[in-house]
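Report on the structure
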Amino acid sequence: DSTKFPSFDMAYATSLGGSFDRFVIAQVRSHATLEDLLTSTDTYVDAHLAPAFGVTPPTPRSWLKLAVDRSRASGLLAQPLLLATSAHPTEPSFVFRGRMVEKRLLCAEFGTPPANALSVLENAPRPANPTARQVAATIESNATCGGCHRVLDPPGLAFERYDAIGRYRETDDLGRAIDTRGAMIGLGDEPVPFD
């Protein structure tokens, strides 16, 4: 949404792809392990992406390698391109991001959502201006949707500290604290807690 994110234009989108490519290529060239790929704090910025990381932009058409604070981001899944492509136009999507983790990383299989899934969600009772966690609780409480969403939503909620264009944030759009705690289901006999 260009109104909400005026800096997100074609040049910014192109830079997201360039940053992602540089991250992956650097990992491959350094013979990185899967653990390295998932935990590296490296990212690459150009003049378009530097402001999102709060650093001085490099000269035009050049790239700067950054080591991001591990408490803010690490690894492939925190790369801005993946976060931006798994979001809605104006807000992050814990469902899209959770599906990215479950299907693309963990190879989980999910059925097709019911045809009326959006109308069920829109008509479900919930508080005014709900947090992402409150929306997830509403979906998970629905008998038709809850089975899949109890698996999909927790890893997606772990990425709520990133806005719709992949920038780190401490609070949501209404200034509320973001709770990234949860538990992964289906990785063993017991849920695996994370924060």
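Since the model is a prediction, treat every value here as computed from it, not as a measurement.

Where helix α7 (residues 132-140) meets helix α8 (residues 146-157), the closest approach of the two axes is 9 Å, and the angle between their N-to-C directions is 165 degrees. Relative to α8, the element α7 lies roughly antiparallel. For the pair α7 and α8, the sense of crossing is left-handed. Side by side, α7 and α8 meet where Ala132, Arg133, Ala136, Ile139 and Glu140 of the first sit next to Gly146, His149, Arg150, Asp153, Pro154 and Leu157 of the second. Residues that form the contact of α7 with α8 fall into these classes: five nonpolar, two polar and four charged.

Along the chain, Leu77 falls in the loop between β2 (64-67) and α4 (80-85). Separated by 82 residues in the primary sequence, Leu77 and Phe159 have C-alpha atoms spaced 9.0 Å apart. Not counting chain neighbours up to four residues away, the residues in contact with Leu77 comprise Leu82, Leu83, Met100, Val101, Leu105 and Phe159.

Turning our attention to the pairing of strand β1 (residues 42-45). On a regular strand, one side chain projects to one face of the sheet and the next to the other, so that they alternate. Every second residue of β1 is oriented toward a common face, with Asp42 and Tyr44 on one face and Thr43 and Val45 on the other, all of them buried. Sheet topology places β1 next to β2; four bridges connect them, and they run antiparallel. In the sheet register, Asp42 faces β2, and the bridge partner there is Ala67.

Where helix α5 (residues 94-105) contacts α8, the axes come no closer than 7 Å and their chain directions differ by 100 degrees. When the axis of α5 is compared with that of α8, the two are roughly perpendicular. Contacts from Phe94, Val95, Arg97, Gly98, Arg99, Val101 and Glu102 of α5 reach α8 at His149, Val151, Leu152, Asp153, Pro155, Gly156 and Leu157. When the residues that make up the contact of α5 with α8 are grouped by side-chain class, the tally is seven nonpolar, three polar and four charged.

What follows concerns the pattern of salt bridges. All chains considered together, the criterion is met by eight salt bridges. For Glu160, the salt bridge identified is with Arg169, shortest N-O distance 3.4 Å. Glu160 gets classed as buried once you look at its relative accessible area, which sits at 8%. The partner of Asp173 in a salt bridge is Arg169, and the shortest N-O contact between them spans 3.5 Å. In this structure, a network of salt bridges that share partners links the residues Lys4, Glu160, Arg169 and Asp173.

As enumerated under the stated definition, the model contains three aromatic pairs in all. Arranged with centres 5.4 Å apart and planes meeting at 50 degrees, the rings of Phe8 and Tyr12 form a pair that is tilted. Its relative accessible area of 31% is what places Phe8 among the partly exposed residues. Counting every residue linked through ring pairs, the aromatic cluster contains Phe159, Tyr162 and Tyr168.

Listed as buried for α7 are Val135, Ala136, Thr138 and Ile139. Buried residues in α7, looked at end-on, bunch into an arc of 160 degrees, giving them a common side. Elements that come into contact with the buried residues of α7 comprise α5, α6 (117-123) and α8.

One non-glycine residue, Arg61, lies in the positive phi region at around 65 degrees. For Arg61, the position within the fold is in the loop between α3 (50-53) and β2. Taking the relative accessible area as the measure of exposure, Arg61 reaches 82% and is therefore exposed. The phi angle at Asn129 is positive, at roughly 50 degrees, despite the residue not being glycine. Inspection of the secondary structure puts Asn129 in the loop between α6 and α7.

Definitions and limits used
- Residues numbered from 1 in each chain as written.
- Predicted model: local features only at pLDDT ≥ 70, side-chain atom pairs only at ≥ 80, totals over all residues.
- Heavy atoms only, no water.
- Axes fitted to C-alpha atoms, helices over the stretch in contact; angles between N-to-C directions.
- Helix = DSSP H or I, 4+ residues; strand = E, 2+ residues; numbered from the N terminus.
- Parallel < 35°, antiparallel > 145°, perpendicular 65-115°, else oblique.
- Left-handed = near helix turned anticlockwise from the far one by under 90°.
- Contact = heavy atoms within 4.5 Å.
- Nonpolar A, V, L, I, M, F, W, Y, C, P; charged D, E, K, R; others polar.
- Buried < 20%, exposed > 50% of the residue type's maximum accessible area, 1.4 Å probe, protein only.
- Pairing = 2+ DSSP bridges.
- Salt bridge = Lys/Arg side-chain N within 4 Å of Asp/Glu carboxyl O.
- Phe/Tyr/Trp six-rings, centres within 6.5 Å; stacked < 30°, edge-to-face > 60°.
- Arc of directions from axis to C-beta.

By themselves, these observations are geometric and do not establish any function.
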